[in-house]
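# Structure at a glance
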Amino acid sequence: MAPRDASQDPSEVPVPLEKGFATLATLRIGVKAFVEKDGEKRKAEILSMQERKGQPFFYVHYEEFNKRLDEWIPAQRLDLSKEVEWPAPEKPDKKKSGAASKANSKNEMSKLTKAQKRHRVGASRDISGTPESSSTAAAGNGLAPSLFKVAPGVENNDSIALVSAEVMDGTPKPGDEEMDLVDVQDAAAAAKAAPPEIYSREDEIEKLRTSGSMTQNQTEISRVRNLGRVQFGRHEMDPWYFSPYPVELTEEEMIYICEFCLSYHAHLRQFTRHRQKCTLLHPPGNEIYRDDYVSFFEIDGRRQRTWCRNLCLLSKMFLDHKTLYYDVDPFLFYCMTTRDEYGCHLVGYFSKEKESAEGYNVACILTLPQYQRMGFGRLLIAFSYELSKRENKLGSPEKPLSDLGLMSYRAYWQETIVDILMDGRTDVNIEEIGALSAMTTNDVLHTLQNLNMVRYSKGQYVIVLTDAIVAQKEKQLEKEKTKPRRKIDPEKLQWKPPVFTASSRTWNW
Amino acid sequence: MTRAGAPPRFRQRKLSTKQSLAVVREDQVDKVDDDPQRNIPKVETGVEKGEEIEHHLQAAISASQAAAVGGKVAQILIPTPDTIRSSLQYDDLYQRCFSQPATYIRFSSTVEDCTGCQYNLTEEDDAFLASMNQKRALSTPCTEDQFEVIMDFFETTAQSKQPFAVVDSPPVVPYEEMESSFHEGIDDSVWIFAREVYQHWKVERIKRGNRPLTPSLKFETGQERDDSDPYVCFRRREVRAVRKTRGRDAQSSEKLRKLRKELELARHGLAMVKQREVLKRDILASDRQIFEERMQVKEEKRRNGFKDDDEDLINQKPQKRRINEAPQIQRPSVVQPRIPSRQDGRSAEADLIPLQDVLAEKENEMNRKLEEKIAQHNNCNRGYLDLTRMPLTPTTEQTSTFSFRSAVTEYLPTPPASVSSEASGNGTQVRDESPTRGRGDTIIVRYASPTYEGPSHTQLSFRRRRGRGGRILVDRRGLRLQSPEEDIDPIVYDRFRYDRDDEDEQPTYEVDPYETLFVRYRASMLPISHKDHAAAVHAHSVRRLQQQDVSMANGQSTSGAPGQHRGHAPSSTPTSAIVGSSGL
């Protein structure tokens, strides 16, 4: 979400928004106006302006839409008959994070996050508790987030939710074996919910340094998508996000990327010339898995620096939460390919830290857009868990997940857990499920809850295979009879967890 | 919103991950006390807060959740920008040349290894190349590959000569500087185009403000603004700082210097090898040329009916000689044996110098030098009378055990009777430069040394020490005491070494302690006046003894430890006879 989006920012003291009518001439960056999008009018923020052939063009970000839908629009699509919101005047205390104001702002932040926590607990419960109501709200309103706004009715619920939350938080018994999920989760949420404006540049770099590859570089967030179209293999695609390819390439309407070595070219002539010389036919690493459908290659970022950098640049076009701030050395890249007589075509990949402090088994994961919605994502995820099983570890993808990532993972988790539960067992504990699937207990719990499968009955918790779930499963089995699902066969994985010396895990050049 | 109406009745237990949970179907659960979300905390989705509220995601989540609870909702997909099939012909770009190996692929070449020359021509380059080739229509045209090699060379050289061109914006590297690094590895045929291509390269380069022609990623340049530049990527992550000390600095710079030296050495070696191979190639080429020209000569001769001895067709004798003459002067001994065999047919052995001659020559040389030294020394000492006692101090004495003084040859001014034969293998000649005789005038003393086992064992030495009550003891060492079992295998002997019946018996020595020889020896250990001594035996050890007052208990065995004297001294060896008495 764009950081300027003041209405989303709970830290904002409700300043009356400056509204008014605007003309084309008075529009400026930061203004929020209504834009026609797919037949409806949506509020959008202007992020950039450009003149093309004498006509003004605006790069807009639609509120509550993913950034990948940001686009350049001509002036005709702006609806200036409605009032626009002017950007709030920049506040000195936010911009200048001096040493003195820092402590202040931190204080403020802690207060704010507490408030936020309440919102979150309350609101999210509303959704999960009564899914029907939330879905109707979302559908009817068109704006699910309206639930998050503090309406009197919701506030009431909030206070109740707060009581129970505090009861739970307040009694952490020492030696209690039960995992206190609440505290962990809330702490994480509080950390994540911190308003981005409060970050100073130093904090940000520190954050980049200490956290994993999924952290966003704040300066990139509001970046306008910088590349034109991309020619890759048999396809042309539109990039979704900013990617730090050489600046010269951003001037081109189309850039060309070699399907095998992933090198990028600004001109077709150079690209065809490159193709005459390039001899690579598959990702430059060892094949560790092969079935009749796909192959997986393992590539060490340290040994194949150029290729892995090219891969990261490519994937950055489709991953918002990926940083290329640091180099590829500490990662391994697992690339999925399909084969034909031309070679092994890259379909998707995931990267994995050689040593993850947080126990992540995936850092970034991507199915290339032209192969999306074909079941490849599920294979990638399944493969990542297969590796974790081989390592005898429980794994989880690095956070934050993207919207598409969340949906893919949830689908995989549901399928995996339901498969385990439906093998005829009468009782199971959550750790067992985790051990069987290499999923962390947190992810198991998350999934069970989402599917409304954990219930409290007769004084104890039970796992309920709901009718809906069973029906879904049966439907799927029915479908598989005609069109079998692709699976990862552990027998075909020729892989031992690689061992790295301390020096090769780090940036030892 | 069931919660609003139903306040908590009691606090439920938290859900434990270790707790065994029953798996039931929905109809088995009592709907009434199901309050599912009450005490199970909502788990984070893992999506960033700002994005969690996104319209399409929420719609998709709702849809999937609705499906999970049995609602009839079509699956909602999150919209993404479309991809379309490319207008380019895939087959024009990619060849069908992949054949899958039976085993899993193992591969370690890098992108650079697999993509050939890193420079790819542009359309401008095409135009230039065409015009250039048109101009040189007759000669060999420059191929695209050659052109790329040259361009790549200019690019990489410019990069290495001006690594900070992006920051400094220096002028374009001049051609002369480029030329100086024209180098190995690239075929010479390429360089003929270099000058022309350079002009083109320069133009292109200036067009881009002297930046690399191929766009490259932005890496950190160590400047402040790097951090905020979103195009700067793939930074090095800081390695934990090692504590810096002066010693470490010196150490690493030393290491680097050493490494550099070694690399230089290797490089030099390779350069030399290369030079040699180039020379070899030249030789082969000229040989070939000669051969071919000879062929022609032969043809000519045949055609014209010449009949001579074909001297000029076979091995080039005169030529060879000329080659060999030069080294002959410098290293006659090495080259000589080889040449004459070719020149005059004499056998090579005839010219070989026999080893004996060489050795004799060496010895002569040595003797001459010695003589020279002696003469020189004599010359120096002319007119002086050398009264130095012990002018040459044997060094071995100094290094031997300090308390024991070895009794060297000087104890035996006359040979013992038992050694008489001139041909005795043990006989050794000793040049004794006694100060009393004239210089250069040497006497030869012959004596018999005990059968040698090793110097340490045979060095006969004595020690005088003062015991309690002022007794003076003389210990001896270094005698090789031959045991009767001498002929026994040493291993067997060693086994029974300490296994003897007469353990406590006093050993018997078949030696007369009052024999003149021994008496004289013992007498020499008494204090003697300096004057007499000059004429007498002048043993180093003895001289030391003089300086102390010695009251000698002759022939009396006082307190010798029995173990020290065990063994039977055979009378046959004179040296052992001297010290026949155990402790003096």
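In this text, all values refer to a predicted model and were calculated from it rather than measured experimentally. (Residues numbered from 1 in each chain as written. Chains lettered and ligands numbered in written order. Predicted model: local features only at pLDDT ≥ 70, side-chain atom pairs only at ≥ 80, totals over all residues. Heavy atoms only, no water.)

## Overview of the overall build of chain A
- Looking only at helices and strands, chain A has 16 helices and 21 strands in total.
- Residue burial in chain A is summarised as follows: out of 509 residues, 55% are buried.
- Long-range pairs, those at least 24 residues apart, make up 62% of the contacts in chain A between residues at least 6 apart in sequence.
- Surface accessibility of chain A: about 21900 Å² in total, with carbon and sulfur atoms responsible for 53%. (Helix = DSSP H or I, 4+ residues; strand = E, 2+ residues; numbered from the N terminus. Buried < 20%, exposed > 50% of the residue type's maximum accessible area, 1.4 Å probe, protein only. Contact = heavy atoms within 4.5 Å. Areas by Shrake-Rupley, 256 points an atom, 1.4 Å probe, with all protein chains shown as cover.)

## Quick notes on the overall build of chain B
- If you tally the helices and strands in chain B, you get 25 helices and 7 strands.
- For chain B, buried positions account for 30% of its 584 residues.
- Put simply, 57% of the contacts in chain B that link residues at least 6 apart link residues at least 24 apart.
- Surface accessibility of chain B: about 40300 Å² in total, with carbon and sulfur atoms responsible for 53%.

## Brief notes about the nonpolar core
- Ranked by internal contacts, the top residues of the largest apolar core, which has 115 residues, are A:Ile257, A:Phe296, A:Leu314, A:Phe333, A:Phe383 and A:Leu421.
- The element contributing the most residues to this core is helix α12 (residues 403-421) of chain A, with 9 residues.
- Sequence-distant contacts of A:Ile257, that is, excluding residues within four places in its chain, are made with A:Val230, A:Gln231, A:Phe232, A:Gly233, A:Tyr245, A:Leu262, A:Ser263, A:Tyr264, A:Phe271, A:Leu314, A:Met317 and B:Tyr94. (Core = buried A, V, L, I, M, F, W, Y, C linked by side-chain atoms within 4.5 Å.)

## Side note on the sheet that holds strand β13 (residues 294-300) of chain A
Residue and element names in this part refer to chain A.
- Here we have 5 strands laid out as an open sheet, ordered β12-β13-β14-β15-β17, and antiparallel in their pairing. Edge positions in the open sheet fall to β12 (286-290) and β17 (365-367), since each of these has one partner strand only. Each neighbouring strand pair of the sheet contributes to a mean axis angle of 25°, computed without reference to strand direction.
- Across 7 bridges, β13 lies against strand β14 (residues 331-340) in antiparallel orientation. Residue pairing for β14: aspartate 300 is matched across the bridge by leucine 332.
- Contacting β12, β13, β14, β15 (343-353) and β17, helix α11 (residues 376-391) runs over the sheet at an angle of about 50° to β15. (Pairing = 2+ DSSP bridges. Axes fitted to C-alpha atoms, helices over the stretch in contact; angles between N-to-C directions.)

## Here's the deal with the packing of aromatic side chains
Residues and elements named next belong to chain A.
- Inspection of every chain in the model, using the stated rule, returns 30 aromatic pairs over all chains.
- Arranged with centres 6.5 Å apart and planes meeting at 55°, the rings of tyrosine 334 and phenylalanine 383 form a pair that is tilted. Taken together, the residues span a long stretch of sequence, with tyrosine 334 in strand β14 and phenylalanine 383 in helix α11 at a distance of 49 residues.
- For phenylalanine 383, a relative accessible area of 0% puts it in the buried group. (Phe/Tyr/Trp six-rings, centres within 6.5 Å; stacked < 30°, edge-to-face > 60°.)

## Overview of the pairing of β14(A)
Residue and element names in this part refer to chain A.
- Most of β14 sits out of view: 8 of its 10 residues are buried.
- One ladder, built from 10 bridges, connects β14 with β15; its direction is antiparallel. Each residue of the ladder has a partner; that of tyrosine 334, found in β15, is phenylalanine 350.
- Where β14 folds back on β15, the antiparallel hairpin that results is connected by 2 residues.

## Let's talk about the UniProt feature "active site" (unreviewed entry) in chain A
Residue and element names in this part refer to chain A.
- Under the UniProt annotation, "active site" (unreviewed entry) lies at Glu398.
- Among the structural elements, glutamate 398 can be located in the loop between β18 (396-397) and α12.
- By relative accessible area, which is 3% here, glutamate 398 ends up buried. (UniProt positions renumbered as here; feature names shortened; annotations may be inferred.)

## Quick notes on the sheet that holds strand β10 (residues 254-257) of chain A
- The 5 strands are arranged β11(A)-β10(A)-β8(A)-β9(A)-β2(B) in an open sheet whose pairing can be described as mixed. The outermost strands of the open sheet, each flanked by one partner alone, are β11 (264-265) of chain A together with β2 (83-85) of chain B.
- Examined bridge by bridge, strand β8 (residues 229-232) of chain A and strand β9 (residues 235-237) of chain A share 3 bridges and lie antiparallel to one another. Residue pairing across strands places A:Gln231 opposite A:Glu236, the latter belonging to β9(A).

## What to know about a nonpolar patch on the surface
Residues and elements named next belong to chain B.
- On the surface, a cluster of nonpolar side chains totalling about 400 Å² of accessible area is made up of Ile353, Leu355, Val358 and Leu359.
- Mapped onto the fold, leucine 359 is located in helix α17 (residues 355-381).
- A relative accessible area of 47% means that leucine 359 is categorised as partly exposed. (Patch = residues over 30% accessible without salt bridge, like charges linked within 9 Å, V, L, I, M, F, W, Y side chains within 5 Å. Salt bridge = Lys/Arg side-chain N within 4 Å of Asp/Glu carboxyl O.)

## Notes on the pattern of salt bridges
- Inspection of every chain in the model, using the stated rule, returns 48 salt bridges over all chains.
- When the shortest N-O distance is used, the salt bridge between A:Asp403 and A:Arg68 registers 2.8 Å. Of this pair, A:Asp403 sits in helix α12 while A:Arg68 is found in the loop between β4 (55-62) and β5 (71-74), placing the two residues 335 residues apart along the sequence. With respect to burial, A:Asp403 and A:Arg68 carry one shared label: buried.
- Here B:Glu292 makes a salt bridge to B:Arg288, at a shortest N to O gap of 3.0 Å. Of this pair, B:Glu292 and B:Arg288 are both found in helix α12 (residues 246-304), 4 residues apart, which corresponds to roughly one turn of the helix.
- A relative accessible area of 36% means that B:Glu292 is categorised as partly exposed.
- A cluster of three or more residues bridged by salt bridges with shared partners is formed by A:Arg269, A:Arg273, A:Lys277, B:Asp126, B:Glu144, B:Asp145 and B:Glu148.

## Focus on the side chain of B:Glu52
Residues and elements named next belong to chain B.
- With respect to the helices and strands, glutamate 52 occurs in helix α2 (residues 49-52).
- Classification of glutamate 52 as buried rests on a relative accessible area of 14%.
- A polar atom in the side chain of glutamate 52 sits 2.6 Å from the side chain of lysine 49.
- Not counting the four nearest positions on each side in its chain, glutamate 52 is found in contact with Thr45, Val47, Leu57 and Gln58. (Polar contact = N/O pair within 3.5 Å; in protein donor to acceptor, adjacent residues only side chain to side chain.)

## Quick word on the environment of A:Lys316
- Residue placement: A:Lys316 occurs in helix α10 (residues 305-316).
- Through-space distance from the C-alpha of A:Lys316 to that of A:Pro239 is 8.9 Å; in sequence the pair is 77 residues apart.

## Structural notes on helix α6 (residues 123-135) of chain B
Residue and element names in this part refer to chain B.
- For α6, with 13 residues, the first-to-last C-alpha span of 19 Å sits near the 18 Å given by 1.5 Å per residue.
- All buried positions along α6 are accounted for by Asp125, Phe128, Leu129, Met132 and Asn133. End-on, the buried residues of α6 take up no more than an arc of 130°, which puts them together on one face. Opposite its buried face, α6 presents the exposed residues Glu123 and Gln134, each directed more than 90 degrees away.
- Buried residues along α6 sit in contact with α7 (144-161) and α11 (194-207). (Expected span 1.5 Å × (residues − 1). Arc of directions from axis to C-beta.)

## Here's the deal with the packing of α11(A) against α12(A)
All names here are of chain A.
- At their nearest, the axes of α11 and α12 sit 10 Å apart, and the two run at 60° to each other. The interaxial crossing formed by α11 with α12 has right-handed handedness. Where α11 abuts α12, its residues Arg378, Ile381, Ala382, Ser384 and Tyr385 lie against Ser408, Tyr409, Tyr412, Trp413 and Glu415.
- By residue class, the composition of the contact of α11 with α12 is 6 nonpolar, 2 polar and 2 charged. (Left-handed = near helix turned anticlockwise from the far one by under 90°. Nonpolar A, V, L, I, M, F, W, Y, C, P; charged D, E, K, R; others polar.)

## Considerations on the packing of α6(B) against α7(B)
Residues and elements named next belong to chain B.
- Where α6 meets α7, the axes come as close as 11 Å, and the angle between the chain directions of the two elements is 115°. Like other packed secondary-structure pairs, α6 and α7 cross with a definite hand, here right-handed. Contacts from Asp125, Asp126, Phe128 and Leu129 of α6 reach α7 at Glu144, Phe147 and Met151.
- Among the residues making up the contact of α6 with α7, the classes are represented as 4 nonpolar, no polar and 3 charged.

## Re the confidence of the model for chain B
Residue and element names in this part refer to chain B.
- Of the residues in chain B, 58% reach a pLDDT of 70 or more, and the chain-wide mean stands at 71.
- Low pLDDT (under 50) marks residues 1-9, which in the prediction has 13 contacts with non-local residues, meaning those over four places away or in another chain.
- Within the model, the stretch residues 320-344 combines pLDDT values under 50 with 10 contacts to residues more than four positions away or in other chains.
- As scored by the predictor, the complex reaches a pTM of 0.60 and an ipTM of 0.71. (pLDDT = per-residue confidence, 0-100.)

## A closer look at a positive patch on the surface
- On the surface, A:Lys475, A:Lys479, A:Lys483 and A:Arg486 cluster together into a positively charged patch.
- Overall, A:Lys483 belongs to the exposed group, its relative accessible area being 64%. (Lys, Arg positive; Asp, Glu negative; His and termini not counted. Charge placed at Lys NZ, Arg CZ, Asp CG, Glu CD.)

## A closer look at the pairing of strand β1 (residues 20-25) of chain B
- In terms of strand pairing, strand β19 (residues 427-429) of chain A meets β1(B) through 3 bridges, oriented antiparallel. Counterpart to A:Asn429 in the pairing with β1(B) is B:Ser20.
- Direction of pairing for strand β21 (residues 460-465) of chain A relative to β1(B): parallel, over a ladder of 4 bridges. Residue A:Val464 lies in a different strand from β1(B), and its bridge partner there is B:Val24.

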